[in-house]
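Next come the chains, spelled out residue by residue.
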Amino acid sequence: MAALVVMVAACSEQNDGAGQQAGAQQQPQATPVSTVELKAQTVPLVEEMPGRTVAYRMADIRPQVDGIIKERNFTEGGFVEAGQQLYMIDQEVYLARVDAAQAELSRQRAILDQATKTRKRYDPLIKSQAVSQQTYDDAVAAEAQGKAAVAAARAELEQARIDLAYTTVTAPIAGQIGSSDYSEGALVTTNQSAKLTTITQLDPIYVDVTQAGGRLLKIKEAIKNGRIKGVEQGQIEVSLIIDATGAEYPHKGTLQFSDVTVNETTGTVRLRAVFPNPDGTLLPGMFVRGEVRQGRIEDAFLVPQKAVMRRPDGTAYAYVAADGKVVSKDLTIEQSQGQDWLVTAGVAEGDQLIVDGIQRIAPGASVTPQPLEAAKAAE
């Protein structure tokens, strides 16, 4: 009997130990995760857009009279001022035309003077009927014809002077002048399609960037509703990154206007900014990326991109730690900001956003949150 009692007690102890071990195995363990505390802040809305540089002004130089080029008075590739003489076309023919037109004007003035005197002599005679009405009418008509002939001769003289002035080809704008396609001795004509040279104004310079039409509409609606603030026409600042080097352009530009039509092929809208270009760093046709500051959003959150997940339908969500449990929160994302997403709804001030250990957890799971900075320090 004593031996039986001992055996029963031993079995009871073994069963109690096994039950305690099984209970300990069924109790879930909290998963350690790294978190960051979210803080609401005012975030500038910066949109990166592809674009190209465009000359501020460009002028193709073409002859406006026929003739032989006598002089070329500029250095190819140099800077020219507005009004500076570029070419001189042979003036001999045009000087002669001016002299001829001046002589014709003098002749017509003499004829008019004679016709006027004749008409004045007939004025008292017609009253006494010393001359016929027909004679007097002819005198009046001759005077009128003389005035018209003088006006025509004066116009011919002015045209001859204009043609003479056109023999001196000047720069219509200031800027960098290109190569000359014609040199001394070349024959040029008024209606030729080939240009003599081209002047390009590089300072300032335009930068045309493109933005999705739908995105621009959303921004305008947000500005109208007051969700985006700090936007004033003519005060929108633009930064520039040169694609060829990846370097940021040292000067800031301002947005001038946006097109009122959407490109049917690409669905984008063109925005034009103007930049100072004192050193001539930017040349027309360069590929660039413009960072356009389209206002600011208040009470927004910068959420690390690695903490955000997406469902098959594209909606974004993230996990936060609340009272030791995982809670899923849907996010409203405005755009990307570097390594972060700009979130305008879905999270609140002070939320502990889970950024590491996401693969080992699910909504409702127990977690042990640890600040990301402390976790990195422990490593």
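Anything mentioned here points back to the structure above.
So, how was this worked out
- Residues numbered from 1 in each chain as written.
- Predicted model: local features only at pLDDT ≥ 70, side-chain atom pairs only at ≥ 80, totals over all residues.
- Heavy atoms only, no water.
- Phe/Tyr/Trp six-rings, centres within 6.5 Å; stacked < 30°, edge-to-face > 60°.
- Helix = DSSP H or I, 4+ residues; strand = E, 2+ residues; numbered from the N terminus.
- Buried < 20%, exposed > 50% of the residue type's maximum accessible area, 1.4 Å probe, protein only.
- Lys NZ or Arg CZ within 6 Å of the ring centre and 35° of its normal.
- Pairing = 2+ DSSP bridges.
- Axes fitted to C-alpha atoms, helices over the stretch in contact; angles between N-to-C directions.
- Parallel < 35°, antiparallel > 145°, perpendicular 65-115°, else oblique.
- Left-handed = near helix turned anticlockwise from the far one by under 90°.
- Nonpolar A, V, L, I, M, F, W, Y, C, P; charged D, E, K, R; others polar.

## A short note on the packing of aromatic side chains
Phase 1: Across all of its chains, the model carries four aromatic pairs by this definition.
Phase 2: Their ring planes at 70° and their centres at 6.2 Å tell us that Tyr249 and Phe275 sit as a pair that is edge-to-face. Of this pair, Tyr249 sits in the loop between β13 (237-242) and β14 (253-258) while Phe275 sits in strand β15 (residues 268-275); the two residues are 26 residues apart in sequence, bridging distant segments of the chain.
Phase 3: Using a relative accessible area of 3% as the deciding quantity, one classes Tyr249 as buried.
Phase 4: Between Tyr317 and Tyr319 the ring centres are 5.9 Å apart and the planes differ by 55°, which places this aromatic pair in the tilted class. Take Tyr317 and Tyr319: they sit in the same class, and that class is buried.
Phase 5: If you follow Arg52 out to its NZ or CZ, it ends over the ring of Phe287, 4.3 Å from the centre.
Phase 6: Here the guanidinium or amino end of Arg272 rests over the ring plane of Tyr206, the centre of that ring lying 4.3 Å away.

## Notes on the sheet that holds strand β8 (residues 175-177)
Two orientations exist for strands paired in a sheet by backbone hydrogen bonds: parallel and antiparallel.
Phase 1: If you trace the four strands from one edge of the open sheet to the other, you get β3-β10-β8-β5, paired in antiparallel fashion. Only two strands of the sheet have a single neighbouring strand rather than two, namely β3 (57-61) and β5 (79-80).
Phase 2: As defined by bridge partners, β8 adjoins strand β10 (residues 197-201) across two bridges and the pair is classed as antiparallel. Across the sheet, Gln176 pairs through a bridge with Thr200, a residue of β10.

## Quick word on the pairing of strand β2 (residues 41-54)
Phase 1: Inspection of the sheet shows β2 paired to strand β16 (residues 287-304) by 10 bridges, in the antiparallel sense. From the neighbouring strand, Pro50 faces β16, where its bridge partner is Arg289.
Phase 2: Where β2 meets strand β11 (residues 205-212), four bridges bridge the pair, whose relative direction is antiparallel. When the bridges of β11 are listed, Val54 appears paired with Tyr206.

## Looking at unusual backbone geometry
Phase 1: The step from Asp203 to Pro204 runs through a cis peptide bond, and the omega angle for that step is 0°.
Phase 2: Counting through the fold element by element, Pro204 comes out in the loop between β10 and β11.
Phase 3: With phi around 55°, Asp299 is a residue other than glycine that occupies positive phi space.
Phase 4: Along the chain, Asp299 falls in strand β16.

## Comments concerning the pairing of strand β4 (residues 67-72)
Phase 1: Two elements, β4 and strand β9 (residues 187-188), share two bridges in a ladder whose sense is antiparallel. Among the inter-strand pairings, Gly67 is bridged to a residue of β9, identified as Val188.
Phase 2: Sheet analysis places β4 next to strand β6 (residues 85-89), joined by three bridges and oriented antiparallel. Among the inter-strand pairings, Arg72 is bridged to a residue of β6, identified as Tyr87.

## A look at the packing of helix α2 (residues 92-127) against helix α3 (residues 133-166)
Phase 1: For the pair α2 and α3, the least separation of the axes is 8 Å and the interaxial angle reads 160°. Accordingly, the angle class assigned to the pair α2 and α3 is roughly antiparallel. For the pair α2 and α3, the sense of crossing is left-handed.
Phase 2: Residue classes in the contact of α2 with α3 are distributed as 19 nonpolar, seven polar and 11 charged.

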